[in-house]
Amino acid sequence: MLSTSDGIVKYPYLWNDSVSGQRVLGDAGTWNCVGDSPEDCCEKIKQSAPDPDEKGNYVECHMFIPYGGIGKPRRSDRVFINLSPDGRVHEPPIIQ
């Protein structure tokens, strides 16, 4: 899932629901979480997929506070290098 800076969370993929089959979650794959706590937004998302997918997996939320956010100050002494699934660098490193 992807969260934009405007409070909209997006999941652009079809959910392979074990009960109702393939379907889009949320409102056309989005949830408006403006003003919601992360926990409330997560609950809203999970309620749209109460059944597991065809492999038995449930929708879960993983909260990530970016550096510079509350409790995670930016620092100039660390470098982040994002790797693709094949282990290659595909974008410039970030100092945070």
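All figures in this text were calculated on a predicted structure; none of them were measured in a lab.

1. A short note on the overall build of the protein
1) Next: Helix and strand counts for the protein come out as 1 helix and 7 strands.
2) Next: Computed over the C-alpha atoms, the radius of gyration of the protein is 17 Å, more than 25% above the 12 Å expected from 2.2 N^0.38 for a compact globule of 96 residues.
3) Next: Projected onto its principal axes, the C-alpha positions of the protein cover 50 × 35 × 20 Å.
4) Next: The buried share of the protein, reckoned over its 96 residues, is 22%.
5) Next: The long-range fraction of contacts in the protein, counting pairs at least 24 apart against all pairs at least 6 apart in sequence, stands at 32%.
6) Next: Approximately 7,200 Å² of the protein is accessible, and the part contributed by carbon and sulfur atoms is 54%.

2. Let's talk about the pairing of strand E4 (residues 21–24)
1) Next: The pairing of strand E3 (residues 14–17) with E4 spans 4 bridges and is antiparallel. Residue pairing in the sheet places Leu-14 in a bridge with Val-24 of E4.
2) Next: Turn length for the E3-E4 hairpin, with the two strands adjacent in sequence and antiparallel, is 3 residues.

3. Some thoughts on helix H1 (residues 38–47)
1) Next: For H1, the full list of buried residues reads Cys-41, Cys-42 and Ile-45. All buried residues of H1 lie within an arc of 100 degrees about the axis, which places them on one face of the element. Along H1, the residues that are exposed and aim more than 90 degrees away from the buried face are Glu-39 and Gln-47.

4. Some words on the state of the cysteines
1) Next: All chains considered together, the criterion is met by 2 disulfides.
2) Next: Sulfur-sulfur distance for the disulfide between Cys-33 and Cys-41 comes to 1.9 Å. Where Cys-33 bonds to Cys-41 through sulfur, the torsion about that S-S bond is close to 70 degrees, and the disulfide is right-handed.
3) Next: Judged by relative accessible area, Cys-41 falls into the buried class, the value being 9%.
4) Next: Across the disulfide, Cys-42 is cross-linked to Cys-61 (sulfur-sulfur distance 2.1 Å). One disulfide, between Cys-42 and Cys-61, carries an S-S torsion of 100 degrees and so falls in the right-handed class. Pair noted here: Cys-42 is in helix H1 and Cys-61 is in the loop between H1 and strand E6 (79–80), with a separation of 19 residues, a long-range link.
5) Next: Disulfide partners in the protein, listed by the sequence order of the bonded cysteines, are 1-2, 3-4.

5. Some details on the environment of Lys-46
1) Next: Tracing the sequence through the fold places Lys-46 in helix H1.
2) Next: Owing to a relative accessible area of 29%, Lys-46 belongs among the partly exposed residues under this scheme.
3) Next: In this structure, the C-alpha to C-alpha distance between Lys-46 and Gly-26, residues 20 residues apart in sequence, is 9.5 Å.
4) Next: Not counting chain neighbours up to four residues away, the residues in contact with Lys-46 comprise Val-59, Glu-60 and Cys-61.

About the cut-offs
Residues numbered from 1 in each chain as written. Predicted model: local features only at pLDDT ≥ 70, side-chain atom pairs only at ≥ 80, totals over all residues. Heavy atoms only, no water. Helix = DSSP H or I, 4+ residues; strand = E, 2+ residues; numbered from the N terminus. Rg over C-alpha atoms; globule rule 2.2 N^0.38 Å. Buried < 20%, exposed > 50% of the residue type's maximum accessible area, 1.4 Å probe, protein only. Contact = heavy atoms within 4.5 Å. Areas by Shrake-Rupley, 256 points an atom, 1.4 Å probe, with all protein chains shown as cover. Pairing = 2+ DSSP bridges. Arc of directions from axis to C-beta. Disulfide = S-S within 2.5 Å.

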